[in-house]
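Inside the fold
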Amino acid sequence: MTKQERNGIFLLAFIIIAIQFGYYFLDFSSEPVPFNKRDYELYSREIDSLRQIEIELRKKKLYPFNPNYIDDFKGCFLGMSNEEIDRLLAFRKEDQWISSVEQFQQVTKISDSLLGNLAPYFKFPDWITNQKGSTINTNSNPYLIKKEEKIDLNKATAEQLQSIKGIGKVLSERIIKYRNRFPDGFMDLVELNDVYGLSSEVIESIRRKFTVTPSQSIEKVDLNKATLTQLVKIRHISYDLAFSILEERALRDGFNTLDELKKVRGFPINKLEIIKLYLSLENIKAE
């Protein structure tokens, strides 16, 4: 037996003896602790007060914004449901513009209480508020350019990009650098959300003047048949997220809509529209 082993045995024996000594000679009996109701109530009030302060500090701070530019991420932040956000996005895809608080509720169908919280922060551009009637579309928007007159974003120069208010040398270089990362450049204008520093207002200005004509169509993957390897090739889908998507798909016995991806644990909701570019649902499961 080595010296190290002997020392270990000696230490173990010492611990056992110490435990036995404590068991026989130490008093572990407990006396009832007196309960002071007044002190307890004061302590409870203090805890409640601190909790209320924490809640106030955690309240979301809002700044004036144009409700036409609400995306998935912004909508969730504002407390809107997925259905309410989807109604607004569908309305905007038709090149229609919200022009009043009343129309916002009519389109999204949000509750009166939520509308009351958000409406004070709505800020509509002058060209919208000056329009007569409630529905603003492409034809009534003086800032929109006909599609055939728009510039292809995949061919745009830095100077052309800088013609947009809010885009200077730095942002124009970022847009071109992002475009050059991929052989086919931009596949859709929604990918502008991936360019760091572009606000929703600037992106909307780019949409009015530029278009995207991809050199080839996007090869979509059927979400209900996609393998792990296929999913991780899609932008913004990591291995962990791909595993979560497959788990959710198994639990649901397949997805009915691409928007159900919002329910996947850890899914980047603000990247959903980009991820949708590469997915399809060819065989939707029966209800």
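Report on the accompanying structure.

Reading the values: rules and limits
- Residues numbered from 1 in each chain as written.
- Predicted model: local features only at pLDDT ≥ 70, side-chain atom pairs only at ≥ 80, totals over all residues.
- Heavy atoms only, no water.
- Core = buried A, V, L, I, M, F, W, Y, C linked by side-chain atoms within 4.5 Å.
- Buried < 20%, exposed > 50% of the residue type's maximum accessible area, 1.4 Å probe, protein only.
- Helix = DSSP H or I, 4+ residues; strand = E, 2+ residues; numbered from the N terminus.
- Contact = heavy atoms within 4.5 Å.
- Arc of directions from axis to C-beta.
- Salt bridge = Lys/Arg side-chain N within 4 Å of Asp/Glu carboxyl O.

The subject of this paragraph is the nonpolar core. Counting 23 residues, the largest nonpolar core has Leu-223, Leu-231, Ile-237, Ile-245, Leu-261 and Leu-279 as its most contacted members. Breaking this core down by element, the ones donating at least two residues are helix 12 (239-252) and helix 13 (272-276). Setting aside residues no more than four positions away along its own chain, Leu-279 makes contact with Lys-220, Val-221, Leu-223, Leu-231, Ile-234, Leu-258 and Leu-261. With 20 residues, the next largest nonpolar core counts Leu-153, Phe-186, Leu-192 and Leu-198 among its residues.

It is worth spelling out helix 5 (residues 101-108) at this point. All of the buried residues along helix 5 are Gln-103, Phe-104, Val-107 and Thr-108. Along the axis of helix 5, the buried positions cluster into a sector of 120°, meaning they face one direction only. With respect to the buried face of helix 5, the exposed residues turned more than 90 degrees away are Glu-102 and Gln-106. After helix 5 finishes, the residue Lys-109 shows a positive phi value of roughly 65°.

Another aspect to go through is the pattern of salt bridges. Following the criterion strictly, the structure yields 11 salt bridges and no others. Notably, a salt bridge pairs Lys-262 with Asp-86, separated by 3.1 Å at the nearest N-O pair. Taken together, the positions of Lys-262 in the loop between helix 12 and helix 13 and Asp-86 in helix 4 (residues 82-93) put the pair 176 residues apart, joining distant regions of the chain. Salt bridges here are not isolated pairs; linked through shared partners, they connect Lys-93, Asp-259, Glu-273 and Lys-276.

When you line up the elements, Asp-184 lands in the loop between helix 9 (169-180) and helix 10 (200-209). Residue Asp-184 is classed as partly exposed on the basis of its relative accessible area of 24%. Placed 30 residues apart in sequence, Asp-184 and Asn-154 show a C-alpha to C-alpha distance of 8.3 Å.

Counting along an α-helix, one turn takes 3.6 residues, and residues three or four places apart therefore face a common direction. Of the residues making up helix 10, those classed as buried are Val-202, Ile-203, Glu-204, Ser-205, Ile-206 and Arg-208. Structurally, helix 10 contributes buried residues whose contacts are with helix 4, strand 1 (97-98), helix 9 and strand 4 (210-211).

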